[in-house]
Amino acid sequence: MSDFGEILGHIGEFGLFQQLTLIALCFPNFVQAFVFASFVFIQSDPERHCNTDWILKADPNLTSDEQLDLTLPREQDGTFSRCQMFVPVDWNISAIRENGLNETTSCQNGWVYRNTLYTSTIVTDFDLVCDQDNWVEMIQAVFMGGVLLGSLIFGPFAESFGRKLATQIPGVIMFVFVATTALCPNIHLYVASQFMVGVGAGGYRVNCIILATEWIGVSKRSWGACVTQLFGAIGQCVLAGLMYFVRDWRVTQLITAAPLALTVIYIWFIPESARWLLNRGRMDEAKQLIVKAATVNKRSVPDSLLEKVLSLKKGGIKVLFKSNTLTKYFSIISLSWFSLSLATFCLYFNMGNLGLSIFMTQFLFGAIEIPAHLLCMWLLEVLGRKLLLIFTLLVGGLSCIFILAVPEGYVVAVTSLAVAARFFLIGAASICNVFVQELFPTSTRQTATALGAISGRVGALLAPLLNVLGTYHWFIPTTVFSSVTLISGALGFLLPETSRKELPDSTDEVGNKK
């Protein structure tokens, strides 16, 4: 009997077939970074005042200063109120000037925004200010809730219906609702649309890595996760430039939808995972794909090897939790995924408050990911998975803790520590994506990956809510996510090393890992 690793040795572990498949699957991750633009690149408290054009009916020749002075109350510091106006009256201008206006109310006809960094944002389009300013954090949480649901649905879906279909459907969902988001006339439709974008993004991300990795051999297996993450890092850098030159969130959404439209066309031609086909007993289809891969790689596979190929045993969530060893591995990886997602997104959603230009901070956050992923691709083979995961989690957690020690006003130091923390946390994310493929057998790999990714999505979902606690004291969010990250790093010592070992196809093979 022959296993799939032996077959990959004959057809090529990382030939043209695998390279084309990997690039095709990675490309949507390049534009996934853009879906954050509409609710990250905003001014949460822009300069503004109530729209008081009602007074122009009394005197259309009023100057802007006169209009504001007659219609807006002043704060204690002498500035005009941002959220209050005088109640409109049906008087002539002489009476208004003589008697003045005293009764105040909230803004009745929207706001006038001044000195804004962007042409249009969801804050200015939907007036998410004053008593509506908590919408931004809610949108972030709803989006992450969609990502969580997408992982929850399409992870198990892939076990039953295949990695290919579980990648294609989320890709279509992303395209449709990214385009729909740009056309939303109100905040409620926008939130619903962003939720569905999150569903597509969560489902696609968890399955594209699996599909790519299961076609790659031992020598280059870490590339499946790292290259996927690398495309996302490049997208982060491009996003900073895109938002600098295109400062309209609706235009940015449409620009994001354009490459996703291309993805929706070619994604139907990507290959299914031969490992999954073998797992489902679909031997003829698996053999056809293996022969096709060998042909593209200009290699051959002996007929005798194909005849002896193993039909893998089915698994699923019951098998995952029936084994004490698998349960232990899953718990540790899940906590690691949760902690690094919580820390990463707390920092990301708060980058506008770090002090530097948001464009510069976004670029630095994206640029630092590139060497993080490239180094991981190399160091995973040199140092292995276990030590590198422990190191990145511990150093990432410590970098976050050190932010608390920086005095107020040292924005460069705070931003530098945040960027350093992101470097190690992003590296840890790549390692988790590789590690989870290698710890679990084919029969439970997708389930374990999906559930592990869900724990990460939970961390991302809680990130904007944890940041809200910063209103009580600024050190609370950083203390919480740093502590959890350090704990997960320490638990990494309980994991086995999986470097340069063939992907396990059964629970028995997992039990033999040292």
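Use the structure listed above.
To start, this report covers the structure provided alongside it. None of these values were measured; they are calculated from a predicted model.

Of regular secondary structure, the protein chain possesses 23 helices and 4 strands. Referenced to the eigenvectors of the C-alpha coordinate spread, the extents of the protein chain come out at roughly 100 × 50 × 35 Å. A burial count over the protein chain gives 57% of its 514 residues as buried. Across the protein chain, contacts joining residues at least 24 apart in sequence account for 80% of those joining residues at least 6 apart. Per element, the accessible surface of the protein chain, about 21,100 Å² overall, is 62% carbon and sulfur. When the 35 positive and 37 negative side-chain charges of the protein chain are each reduced to one mean point, those points stand 15 Å apart.

What follows concerns helix H13 (residues 283–296). Under the 1.5 Å per step criterion, the end-to-end length of H13 is 20 Å for 14 residues, consistent within 8% with the ideal 20 Å. At the exit of H13 stands Lys298, carrying a positive phi of roughly 55°.

Structurally, Ala448 is set in helix H21 (residues 442–468). Residue Ala448 is classed as buried on the basis of its relative accessible area of 0%. Linking Ala448 and Pro156, residues 292 residues apart in sequence, is a C-alpha distance of 9.3 Å.

Moving on to the state of the cysteines. For the structure on display, the rule yields 2 disulfides. At a sulfur-sulfur separation of 1.8 Å, the disulfide partner of Cys50 is Cys107. Across the S-S bond of Cys50 and Cys107 the torsion is about -65°, and the bridge reads as left-handed. Taken together, the positions of Cys50 in strand E1 (residues 47–50) and Cys107 in the loop between strand E3 (104–106) and strand E4 (111–114) put the pair 57 residues apart, joining distant regions of the chain. Since its relative accessible area comes to 0%, Cys50 is described here as buried. Two residues, Cys83 and Cys130, share a disulfide whose sulfurs are 1.9 Å apart. Torsion about the S-S bond of the Cys83 and Cys130 cystine: about -90°, corresponding to left-handed handedness. Separated by 47 residues along the polypeptide, Cys83 in the loop between helix H4 (64–71) and strand E2 (84–86) and Cys130 in the loop between helix H6 (122–126) and helix H7 (135–161) bring together distant segments of the chain.

This next bit is on a nonpolar patch on the surface. Nonpolar side chains collect at one region of the surface, where Phe161, Leu165, Trp268 and Phe269 lie side by side and expose about 450 Å² of accessible area between them. Relative to the helices and strands, Phe161 resides in helix H7.

The next thing to look at is the pairing of E4. Where burial is concerned, the two faces of E4 differ: the one with Trp111 and Tyr113 is buried and the one with Val112 and Arg114 is not. As paired elements, E1 and E4 share 4 bridges and run antiparallel to each other. Each bridged residue has a counterpart across the sheet, and for His49 the counterpart in E4 is Val112.

To continue, consider the side chain of Thr52. Examined against the element boundaries, Thr52 turns out to sit in the loop between E1 and H4. A polar contact is formed between the side chain of Thr52 and the side chain of Thr71, at a distance of 3.0 Å. In contact with Thr52, not counting residues within four places along its chain, are Gln67, Thr71, Leu72 and Met85.

In this section: unusual backbone geometry. Phi is positive for Asp127, which is not a glycine, with a value near 55°. Here Asp127 is to be found in the loop between H6 and H7. What makes Asp127 partly exposed here is its relative accessible area of 22%.

Before going further, it helps to examine the pattern of salt bridges. Per the stated rule, a full pass over the model turns up 7 salt bridges. The residue Glu47 makes a salt bridge to Arg114 at a minimum N-O spacing of 3.9 Å. One end of the pair, Glu47, is in strand E1; the other, Arg114, is in strand E4, and 67 residues separate them in sequence. Between Arg282 and Glu285 there is a salt bridge, with its nearest N and O atoms 2.8 Å apart. With a relative accessible area of 35%, Arg282 lands in the partly exposed category. Given the relative accessible area of 37%, Glu285 is considered partly exposed.

A few words on the nonpolar core. Core analysis: the largest hydrophobic core is formed by 127 residues, its most contacted members being Phe36 and Tyr190. In terms of residue count, helix H16 (residues 324–349) provides more of this core than any other element does, 15 residues in total. Residues in contact with Phe36, not counting those within four places in the same chain, are Phe41, Phe143, Met144, Phe345, Tyr348 and Phe349. Counting residues in each nonpolar core, the second largest holds 17 residues, with Phe4, Leu8, Ala286 and Val301 among its members.

The subject of this paragraph is the environment of Gln236. By the secondary structure assignment, Gln236 is in helix H10 (residues 222–245). Assessed through its relative accessible area of 8%, Gln236 is described here as buried. Between the C-alpha atom of Gln236 and that of Thr479, which follows or precedes it by 243 residues, the distance is 26 Å. The residues contacting Gln236, other than those within four sequence positions of it, are Ala33, Tyr348, Gln362, Gly366, Glu369 and Arg422. In terms of polar contacts, Gln236 uses its side chain to reach the side chain of Tyr348, at 3.5 Å.

Our focus in this paragraph is the packing of aromatic side chains. By the definition in use, this model includes 16 aromatic pairs. Seen from their ring centres, Tyr244 and Phe245 are 5.1 Å apart, and the 85° between their planes marks the pair as edge-to-face. On the basis of relative accessibility, which here comes to 70%, the residue Phe245 falls in the exposed class. An aromatic cluster is defined as three or more aromatic residues linked by ring pairs; in this entry it consists of Tyr118, Tyr244, Phe245 and Phe359. We note Arg74 situated over the ring of Phe80; from NZ or CZ to the ring centre the distance is 4.0 Å.

What counts, and at which threshold
- Residues numbered from 1 in each chain as written.
- Predicted model: local features only at pLDDT ≥ 70, side-chain atom pairs only at ≥ 80, totals over all residues.
- Heavy atoms only, no water.
- Helix = DSSP H or I, 4+ residues; strand = E, 2+ residues; numbered from the N terminus.
- Buried < 20%, exposed > 50% of the residue type's maximum accessible area, 1.4 Å probe, protein only.
- Contact = heavy atoms within 4.5 Å.
- Areas by Shrake-Rupley, 256 points an atom, 1.4 Å probe, with all protein chains shown as cover.
- Lys, Arg positive; Asp, Glu negative; His and termini not counted.
- Charge placed at Lys NZ, Arg CZ, Asp CG, Glu CD.
- Expected span 1.5 Å × (residues − 1).
- Disulfide = S-S within 2.5 Å.
- Patch = residues over 30% accessible without salt bridge, like charges linked within 9 Å, V, L, I, M, F, W, Y side chains within 5 Å.
- Salt bridge = Lys/Arg side-chain N within 4 Å of Asp/Glu carboxyl O.
- Pairing = 2+ DSSP bridges.
- Polar contact = N/O pair within 3.5 Å; in protein donor to acceptor, adjacent residues only side chain to side chain.
- Core = buried A, V, L, I, M, F, W, Y, C linked by side-chain atoms within 4.5 Å.
- Phe/Tyr/Trp six-rings, centres within 6.5 Å; stacked < 30°, edge-to-face > 60°.
- Lys NZ or Arg CZ within 6 Å of the ring centre and 35° of its normal.

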